[in-house]
Amino acid sequence: MRAKVAVLSVILLAMVAPAFAHHGFQAEFDKSKCMDLKGTLTSIDWDNPHAYVHMNVKDPSGKTVSWSLEMITPNALRRNGSTRQDFLSNMNKPMVARACPAKAGGTMYRGTAEFLQLSDGLLRVVGQNVENLTPEQLHW
Amino acid sequence: MRGMKRHFGDAAGSAGVVLAFLCTVLMLVFAQNSSAQGEKKPLKIAGDFEKVHLLPPGGPAPRMADGHPDLSGLWYPNSAGRMLQFAEPVDSTIIRQFDPKATPEEMPVFKPGVNPRKGPPTYTPASCGQAGVPSTALEQISQHAAMELVQVPGKLVMLFEYPMDIRIIRTDAHPHQNDPDPSFNGDTTVHWEGDTMVLDVIGIDERLRNQGPFQSRVSNPTLPGGRPAGEENEGGGGWFHSAQEHVVERLTRTSKNYLTYQVTIEDPLVLAKPWKSAPRIWSLASDPNDAFSEVFCTHDEEPQEMKKIRAYEQQNKGK
């Protein structure tokens, strides 16, 4: 089933219940280093407790690196309007993610995604919006 | 589907190529239309979050043949009738399970001289472990995940998505087992008080840590039930219990679309007085295609990641 869409003019962050993070976001990821990652969707791991999206990104030196971004559970992704088929049908095409990397000491090129946009152009909620961003603040 | 793997990538197959081609064509057509209009369109968000609304009561609760309410259904810990994990914008009155001003959850009050904040190595959803009774039911709000109830004559089956758990409870009148083996979900007897199903639970494994009041997990001491200053690292409002813990859960289907879950924990060795949760609201899934999901932890990268990060931090302490 294709994800349905909604045009959003105003966003209010009205989260009352902080969503579950296994060890607490701050224990694993660096909220101060979140960034836009632009690259190509190469694969997904549709698994629990976290689905993962993998993308090839050119680093500043021009070298291509493979980022692994943690997302929410498949059941949550699906109910948030992003199915496994959505990812498959955008495979090997450009994508953008707003993601926060692992803390120092963690695996290189590993992070957690807050939002992402596949080549179909839909903004997808795939993780915790730790930066409290609005869609307008995403420079995509 | 080829194989039973969970990894999907270049081997997605020719179907993926055809779909990708069609998507590209559609996108080109769409892009041409967009640029013709000459202005940036707002990003469209997947998930239908703007359609989230307070579910109406939907009429009276259905009843079993014996006249008691039928609690069966797929339930979400909110008033929306659907999962709302990281959903935004959603009004706080819809996404929450209770109004912290109207029915606040108090912090537990421990007996003097007792410190149940620290205990044995425990099992928690944080390590893909079980949370037991009653934390599993109280924990679902953290994930906005589903609980499925299946009520048949003589039995209530409770299934939870996160952590994935099942309780099969005899609902005919029967006593507690004498000295039941400790288990994560305990030994449960059932009786009705009017239209409320009362579950009386003993014998819960002492390795399980009670989750405690929800707000205490928010590290803001000014919020109702928030952690007082100095207790930030005490694991919130949760606590370890004794073998004498006695848990009473109350399930009331107030209408077709709403179920209330309230739990009281007594523990003469640990608590100075019983701890009562707020009445937690659950709403019936409104999409007939929505179904209870399998959530087995089969790919957990976090323990290894945390080990690496902690080792690094230990090595670099004070640098």
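Predicted, not measured: the structure shown is a model, and the values here were computed from it.

1. Here's the deal with the overall build of chain A
Reasoning step 1: When you go through chain A residue by residue, the secondary structure sums to three helices and seven strands.
Reasoning step 2: Counting from the amino terminus, chain A carries its helices and strands in the arrangement β-α-β-β-β-α-α-β-β-β.
Reasoning step 3: Long-range pairs, those at least 24 residues apart, make up 56% of the contacts in chain A with a sequence separation of at least 6.

2. Brief notes about the confidence of the model for chain B
Residues and elements named next belong to chain B.
Reasoning step 1: Of all residues in chain B, 82% have pLDDT values of 70 or greater, and the mean over the chain is 85.
Reasoning step 2: Predicted confidence is poor over residues 29–38, with pLDDT under 50, and the contacts of this stretch with residues over four places away or in other chains come to one contact.
Reasoning step 3: Considering only residues more than four positions removed or in separate chains, one finds that residues 216–235, a stretch of pLDDT under 50, has 35 contacts.
Reasoning step 4: At the level of chain-chain contacts, confidence expressed as ipTM amounts to 0.82, with global pTM at 0.84.

3. Describing the pairing of strand E5 (residues 94–101) of chain A
All names here are of chain A.
Reasoning step 1: Counting buried positions along E5 yields six of eight residues, so the element is predominantly enclosed.
Reasoning step 2: Judged from the six bridges that link them, strand E2 (residues 35–45) and E5 form a sheet pairing that is antiparallel. Across the sheet, Asp36 pairs through a bridge with Arg98, a residue of E5.
Reasoning step 3: Inspection of the sheet shows E5 paired to strand E6 (residues 110–117) by six bridges, in the antiparallel sense. When the sheet's bridge partners are listed, Cys100 is paired in E6 with Thr112.

4. Some thoughts on unusual backbone geometry
Residue and element names in this part refer to chain B.
Reasoning step 1: Cis geometry is adopted by the peptide bond preceding Pro134, which originates at Val133 and carries an omega value of -5 degrees.
Reasoning step 2: Here Pro134 is to be found in the loop between helix H2 (92–95) and helix H3 (135–143).
Reasoning step 3: Here the bond from Tyr162 into Pro163 is cis, since omega is -5 degrees, no more than 30 degrees from zero.
Reasoning step 4: Along the polypeptide, Pro163 turns up in the loop between strand E5 (155–160) and strand E6 (165–170).
Reasoning step 5: Phi angles above zero are rare outside glycine, and Phe86 is one such case at about 60 degrees.
Reasoning step 6: If you trace the backbone, Phe86 turns up in the loop between strand E3 (73–76) and H2.

5. A short note on the confidence of the model for chain A
Reasoning step 1: Per-residue confidence for chain A gives a mean pLDDT of 86; residues scoring 70 or more make up 84%.
Reasoning step 2: When the criterion is pLDDT under 50, residues 1–22 of chain A qualifies, and its contacts beyond four places in sequence or with other chains add up to 60 contacts.

6. Some remarks on the environment of Pro60 of chain A
All names here are of chain A.
Reasoning step 1: Here Pro60 lies in the loop between strand E3 (52–58) and strand E4 (64–70).
Reasoning step 2: Given 5 C-beta atoms within 10 Å, Pro60 falls into the exposed group.
Reasoning step 3: As for Pro60 and Val126, which are separated by 66 residues in sequence, their C-alpha atoms are 26 Å apart.

7. Comments concerning H3 of chain B
Residue and element names in this part refer to chain B.
Reasoning step 1: For H3, the tally of buried residues reaches eight of nine residues, placing the bulk of the element in the interior.
Reasoning step 2: By the burial criterion, the buried members of H3 are Ser135, Thr136, Ala137, Leu138, Glu139, Gln140, Ile141 and Gln143.
Reasoning step 3: Tucked inside the fold, the buried residues of H3 contact strand E4 (147–152), E5, E6, strand E9 (209–210) and strand E12 (258–266).
Reasoning step 4: Looking at the residues trailing H3, positive phi occurs at His144, about 55 degrees.

8. Details of helix H4 (residues 302–315) of chain B
Reasoning step 1: Taking 1.5 Å per residue as the helical rise, H4 of chain B with its 14 residues ought to reach 20 Å, and the 20 Å between its terminal C-alpha atoms agrees with that figure.
Reasoning step 2: Within the span of H4 of chain B, buried status applies to Glu302, Glu305 and Ile309 of chain B. Looking straight down H4 of chain B, one finds that the buried residues subtend no more than 65 degrees of arc, so they occupy a single side. Opposite the buried face of H4 of chain B, by more than 90 degrees, sit the exposed residues Gln304, Lys307, Ala311, Gln314 and Gln315 of chain B.
Reasoning step 3: If you follow the buried residues of H4 of chain B, they end up packed against helix H1 (25–28) of chain A.

9. Looking at the environment of Val198 of chain B
All names here are of chain B.
Reasoning step 1: Inspection of the secondary structure assignment puts Val198 in strand E8 (residues 196–202).
Reasoning step 2: Considering only alpha carbons, one finds Val198 and Glu249, 51 residues apart in sequence, at a separation of 5.8 Å.
Reasoning step 3: Once you skip the residues sitting within four places of it in the chain, Val198 turns out to touch Val190, His191, Trp192, Glu193, Val248 and Arg250.

10. Side note on the nonpolar core
Reasoning step 1: One finds Val53, Met71 and Ala113 of chain A to be the most contacted residues of the largest nonpolar core, which totals 82 residues.
Reasoning step 2: Per-element tally for this core: the top contributor is E12 of chain B, with five residues.
Reasoning step 3: When sequence neighbours within four positions are dropped, the list of residues in contact with Val53 of chain A reads Leu41, Ile44, Leu69, Met71, Phe87, Ala113 and Leu116 of chain A.

Analysis parameters
- Residues numbered from 1 in each chain as written.
- Chains lettered and ligands numbered in written order.
- Predicted model: local features only at pLDDT ≥ 70, side-chain atom pairs only at ≥ 80, totals over all residues.
- Helix = DSSP H or I, 4+ residues; strand = E, 2+ residues; numbered from the N terminus.
- Contact = placed C-beta atoms within 7 Å.
- pLDDT = per-residue confidence, 0-100.
- Buried ≥ 20, exposed ≤ 12 C-beta atoms within 10 Å, placed from the backbone.
- Pairing = 2+ DSSP bridges.
- Expected span 1.5 Å × (residues − 1).
- Arc of directions from axis to C-beta.
- Core = buried A, V, L, I, M, F, W, Y, C linked by C-beta atoms within 7 Å.

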